[in-house]
Amino acid sequence: MSKKILLSGIKPTGRPHIGNYFGAMKQWLEFQTVGQYDCHFMIADYHALNFIQNSDEMRRNSLELIIDYLAIGIDPKRSVLFKQSDVSAHTELAWIFDTITTMPYLMRAHAFKDAEAKDKEISAGTFNYPILMAADILLYNTDTVPVGQDQKQHIEYARDTAQKFNNTFGETFKLPEALIIKEVAIIPGTDGQKMSKSHGNTIPLFSSRDEIVKAVMSIVTDSSGDIPMNVYNIHKLFRSETEMKTLYDNNKGKYKILKEALIEDLDLFIKPLRERREEIAKDTDTIKKILDDGANKARSIADKKLSEIKTAIGVI
Ligand code: ADP
Ligand code: TRP
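Given the structure is predicted, the values throughout are model-derived calculations rather than measurements.

A. A look at the packing of aromatic side chains. For the structure on display, the rule yields 16 aromatic pairs. A centroid spacing of 5.6 Å and a plane angle of 40 degrees characterise the contact between Phe 82 and Tyr 140, whose relative ring orientation is tilted. Placement of the pair is Phe 82 in strand β3 (residues 79-83) and Tyr 140 in the loop between α8 (129-138) and β4 (144-146), with a sequence separation of 58 residues. When the ring of Phe 97 is compared with that of Phe 173, the centres are 5.6 Å apart and the planes differ by 65 degrees; the resulting orientation is edge-to-face. Note that Phe 97 is positioned in helix α4 (residues 89-98) and Phe 173 in the loop between α9 (152-169) and β5 (177-179), a separation of 76 residues in sequence. Each member of the pair, Phe 97 as well as Phe 173, carries the same accessibility label: buried. Through pairs of rings, three or more aromatic residues link up here, namely Tyr 21, Phe 22, Phe 238 and Phe 269. One Lys or Arg, Arg 277, reaches over the ring of Phe 206 and ends 5.3 Å from the middle of that ring.

B. Examining the site of ligand 1 more closely. In the vicinity of ligand 1 there are 19 residues, among which His 17, Gly 148, Asp 150, Ile 187 and Lys 197 approach most closely. Notes on ligand 1: free accessible area 540 Å², of which the protein chains cover 94%. Ranked by the residues each element gives to the shell around ligand 1, the list is headed by helix α1 (residues 18-34), at 4 residues. Its residues assigned to classes, the shell around ligand 1 shows 8 nonpolar, 7 polar and 4 charged.

C. The arrangement of the site of ligand 2 in detail. Around ligand 2 there are 14 residues in total, and Lys 11, Tyr 129, Met 133, Asp 136 and Gln 151 lie nearest to it. In this structure, an oxygen atom belonging to ligand 2 sits 2.7 Å away from a side-chain N or O atom of Lys 11. In this structure, a nitrogen atom belonging to ligand 2 sits 2.9 Å away from a side-chain N or O atom of Gln 151. Coverage of ligand 2 by the protein amounts to 92% of the 370 Å² it exposes when considered alone. Of all the elements in the fold, those that place two or more residues in the shell around ligand 2 are β1 (4-10) and α8.

D. Quick look at the domain arrangement of the protein chain. Examined at the domain level, the protein chain breaks down into domain 1 (4-184 + 284-313) and domain 2 (197-279). A straight line from the C-alpha centre of domain 1 to that of domain 2 covers 30 Å. Contacts between domain 1 and domain 2 engage 20 residues on the former and 16 residues on the latter. Summed over both partners, the interface of domain 1 with domain 2 buries about 1,500 Å², with 64% contributed by carbon and sulfur atoms. It is Arg 15, Ile 18 and Ala 71 in domain 1 that bury the most area against domain 2; as a group they hold 39% of the surface buried on that side. Arg 277 is the partner of Glu 64 in a salt bridge, and the nearest nitrogen-oxygen pair spans 2.6 Å. Taken together, domain 1 and domain 2 are joined by 8 residue pairs in polar contact (both at pLDDT 80 or more). When contributions to the side of domain 1 that touches domain 2 are tallied by element, the ones reaching two or more residues are α1 and α3 (55-72). Considering each element in turn, the side of domain 1 that touches domain 2 owes the most residues, 6 residues, to α3. Residues belonging to the side of domain 1 that touches domain 2 are distributed by class as follows: 11 nonpolar, 5 polar and 4 charged.

E. Focus on the packing of α4 against helix α14 (residues 284-313). Where α4 contacts α14, the two axes come as close as 10 Å, and the packing angle between them is 25 degrees. Relative to α14, the element α4 is oriented roughly parallel. In this structure, α4 crosses over α14, and the sense of that crossing is left-handed. Residues Ala 89, Glu 92, Leu 93 and Ile 96 of α4 pack against Ala 302, Asp 303, Leu 306, Ile 309, Lys 310 and Ile 313 of α14. In terms of residue class, the contact of α4 with α14 is made up of 7 nonpolar, no polar and 3 charged.

Cut-off values and rules
Residues numbered from 1 in each chain as written. Chains lettered and ligands numbered in written order. Predicted model: local features only at pLDDT ≥ 70, side-chain atom pairs only at ≥ 80, totals over all residues. Heavy atoms only, no water. Phe/Tyr/Trp six-rings, centres within 6.5 Å; stacked < 30°, edge-to-face > 60°. Helix = DSSP H or I, 4+ residues; strand = E, 2+ residues; numbered from the N terminus. Buried < 20%, exposed > 50% of the residue type's maximum accessible area, 1.4 Å probe, protein only. Lys NZ or Arg CZ within 6 Å of the ring centre and 35° of its normal. Near = heavy atom within 4 Å. Areas by Shrake-Rupley, 256 points an atom, 1.4 Å probe, with all protein chains shown as cover. Nonpolar A, V, L, I, M, F, W, Y, C, P; charged D, E, K, R; others polar. Polar contact = N/O pair within 3.5 Å; in protein donor to acceptor, adjacent residues only side chain to side chain. Domains from an automatic or database assignment. Contact = heavy atoms within 4.5 Å. Buried area = accessible area lost by both parts, 1.4 Å probe. Salt bridge = Lys/Arg side-chain N within 4 Å of Asp/Glu carboxyl O. Axes fitted to C-alpha atoms, helices over the stretch in contact; angles between N-to-C directions. Parallel < 35°, antiparallel > 145°, perpendicular 65-115°, else oblique. Left-handed = near helix turned anticlockwise from the far one by under 90°.

Right, here's the structure in full:
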């Protein structure tokens, strides 16, 4: 029986944080290890172009994110690791999808509605963001897309787009499913809101010890209860329920001690990742080769699918 197909990606818009890790990347590693899936992990640089419009920054961020993927344990021997812009079929398919997508449908996207509500001028790239993402997913016959809660609507767009294409041109695409784990769907940041690069409330995944201390000390606490919930909700990612109960029962109202315990747990978790990352970053030739190999593998899958699509629409 052929394996199921898994694909996910992150935009190279800044340093990944523990929200990205627990919400999405950790699941990637589990699927890679289980071996029942053909896994594809992408650097979504063309999506990032909506946010990063500086060549040095784009180049640096993309390289950094590849190193991050490798440092958490994405293994290029077992998974296809590639950059979106290396596979031109993604943008080509996005165009094809644009022609069967209506404006009112795209206007229902959360990102579009948020920008509108804030009276922001929105680029055509941002408006079409869900369509490029649908292309990313559907080109690989993806079954499963492991992501955090904020991406749920995008996977729905991919499913709808697949269905619309199938209805118009004949059965061509599988309908992908989001894989969102309830307990880690929205990891809170240091202010208790969703952790996000754009909110400035992150604990970076490869923080130095000093950065960990700074981030934890900045966690917003109010003195109204025994348990500082913003600390607790991050801390529970690193300890079992029983351990958490003992620690927090024994230290009621002692916010400083609890924050110090969180610092130690975070450092214990992050230190080996940080060290591994430093090692990997030294060998840029190997990183480049990994990206070249990944691009070749991804291209061969995507180009084959694109030919099938082009036949279905009648351009070949
Ligand atoms: P950010 O909001 O920080 O820019 P991204 O949009 O790059 O994060 O998200 C990359 C992946 O990490 C996506 O799958 C997203 O759903 C997931 N993710 C991001 N923030 C969180 C969070 N706070 N909790 C759970 N998952 C998250
Ligand atoms: N939109 C995703 C994010 O902001 C990144 C992304 C682009 C993605 N293409 C994808 C995720 C395909 C999963 C599958 O995090």
